[in-house]
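The primary structure of each chain is shown beneath.
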Amino acid sequence: MFNQNIDLENYILEHIDPEDELLYELNRKTHLHILRPRMLSGHLQGQILKMICQMIRPKNILEIGTFTGYSCICMAQTLPHDGFIDTIDIDDEIEPFTQSFFNKSGLAHKIKMHIGDALDIMPTIDKKYDLIFMDGDKRQYPNYYKQVFDMLNPGGYILADNILWDGKVIEPLDKNDTYTKGILEFNKIIKEDNRVEKVIFPFRDGIFVIRKK
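Caption draft 1: Structural view of the nonpolar core. If you look at the biggest cluster of nonpolar residues, it comprises 31 residues, and the most contacted ones within it are L26, I61, I73, M75, I85 and L159. Those elements that place two or more of their residues in this core are helix 2 (21-33), helix 3 (42-56), helix 4 (70-76), helix 5 (95-105), strand 3 (111-115), strand 4 (129-134) and strand 7 (207-212). Per element, the largest residue contribution to this core is six residues, and it comes from helix 4. If near-sequence neighbours (up to four positions away) are discounted, L159 is found in contact with L49, I52, L131, I132, F133, M134, I207, F208 and V209. Among the nonpolar cores identified, the runner-up in size contains 28 residues, and L62, I64, I125 and I190 belong to it.

Below you can see the structure in the form of structure tokens.
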């Protein structure tokens, strides 16, 4: 959690709904078998995404950045019977692991995993979304936003993860740090875009909550 004492984070975790068995297994096996397990959303963020979905009640969701599917499953658990998630990840090696947990969840019929560059895949999807969760390549956040804006229904939401980037957004920028540069550019675009309402949730690494007017 961003700038948060570990004891306080543990206190928070003790006072929210417990992690279900499947998500616990997914969390554990991701840490045991998958490189960069820190990319996994985890229990607190998963519960927040789930709660946001229960408030917004989206029918169609687009996720950019699947990883091992933790956040996707959390959101899929809230979908109506005819709801659906398109989720995109560039790593084809992770697909069998992730798909196995989609199958175990009993929600695979509501989820389509697309493998490839999101900037190439999104133009091939002819669909409008009520919620877009952006958690892919931080360097591409400005380009993701340009593409997804017209894919989002009026009144729909974009949730952009990691927009505080471990605090680097308020530190001097290293000219070679293209990840922080991408996030800073994205944050500036959102700040200046009067087509949307926006607020930053400062838990973990920060989520920009953006509502299309």
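We are not done yet, so read on.
Caption draft 2: Quick look at the packing of aromatic side chains. Per the counting criterion, the structure on display carries eight aromatic pairs. Where W165 meets Y179, the ring centres are 6.4 Å apart and the plane angle is 20°; that geometry is what we call stacked. One end of the pair, W165, is in the loop between strand 5 (152-161) and helix 8 (178-192); the other, Y179, is in helix 8, with 14 residues separating them in the sequence. On the basis of relative accessible area, Y179 is assigned to the partly exposed category, the value being 34%. Judged by centre distance (6.5 Å) and plane angle (45°), the ring pair of F201 and F203 falls under tilted. Given a relative accessible area of 13%, F203 falls into the buried group. These aromatic residues form a ring-pair network of at least three members: Y141, Y144, Y145, F149, F186 and F208. Positioned above the aromatic ring of F101, the side-chain terminus of K104 is 4.8 Å from the ring centre. Cation over ring: R195 sits above F149, and NZ or CZ is 3.7 Å from the ring centre.

Caption draft 3: Expanded view of unusual backbone geometry. Phi angles above zero are rare outside glycine, and R57 is one such case at about 55°. Considering the arrangement of structural elements, one finds R57 in the loop between helix 3 and strand 1 (60-64). Even without a glycine there, the phi angle at D166 is positive, about 60°. When you line up the elements, D166 lands in the loop between strand 5 and helix 8.

Caption draft 4: Summary view of the pattern of salt bridges. For the structure shown, the criterion picks out nine salt bridges. Across the salt bridge formed by R211 and E197, the nearest N and O atoms sit 2.8 Å from each other. Taken together, the residues span a long stretch of sequence, with R211 in strand 7 and E197 in strand 6 (residues 196-201) at a distance of 14 residues. With a relative accessible area of 29%, R211 lands in the partly exposed category.

Caption draft 5: Representation of the sheet that holds strand 2 (residues 84-89) within the structure. The sheet built from seven strands is open, its strands ordered 3-2-1-4-5-7-6 with mixed pairing. Of all the strands in the sheet, just strand 3 and strand 6 have a single pairing partner and so form its edges. When the angles between neighbouring strand axes are averaged without regard to direction, this sheet yields 15°. Sheet analysis places strand 1 next to strand 2, joined by five bridges and oriented parallel. If you follow L62 over to strand 2, its bridge partner there is D86.

Cut-offs used in this document
Residues numbered from 1 in each chain as written. Predicted model: local features only at pLDDT ≥ 70, side-chain atom pairs only at ≥ 80, totals over all residues. Heavy atoms only, no water. Core = buried A, V, L, I, M, F, W, Y, C linked by side-chain atoms within 4.5 Å. Buried < 20%, exposed > 50% of the residue type's maximum accessible area, 1.4 Å probe, protein only. Helix = DSSP H or I, 4+ residues; strand = E, 2+ residues; numbered from the N terminus. Contact = heavy atoms within 4.5 Å. Phe/Tyr/Trp six-rings, centres within 6.5 Å; stacked < 30°, edge-to-face > 60°. Lys NZ or Arg CZ within 6 Å of the ring centre and 35° of its normal. Salt bridge = Lys/Arg side-chain N within 4 Å of Asp/Glu carboxyl O. Pairing = 2+ DSSP bridges. Axes fitted to C-alpha atoms, helices over the stretch in contact; angles between N-to-C directions.

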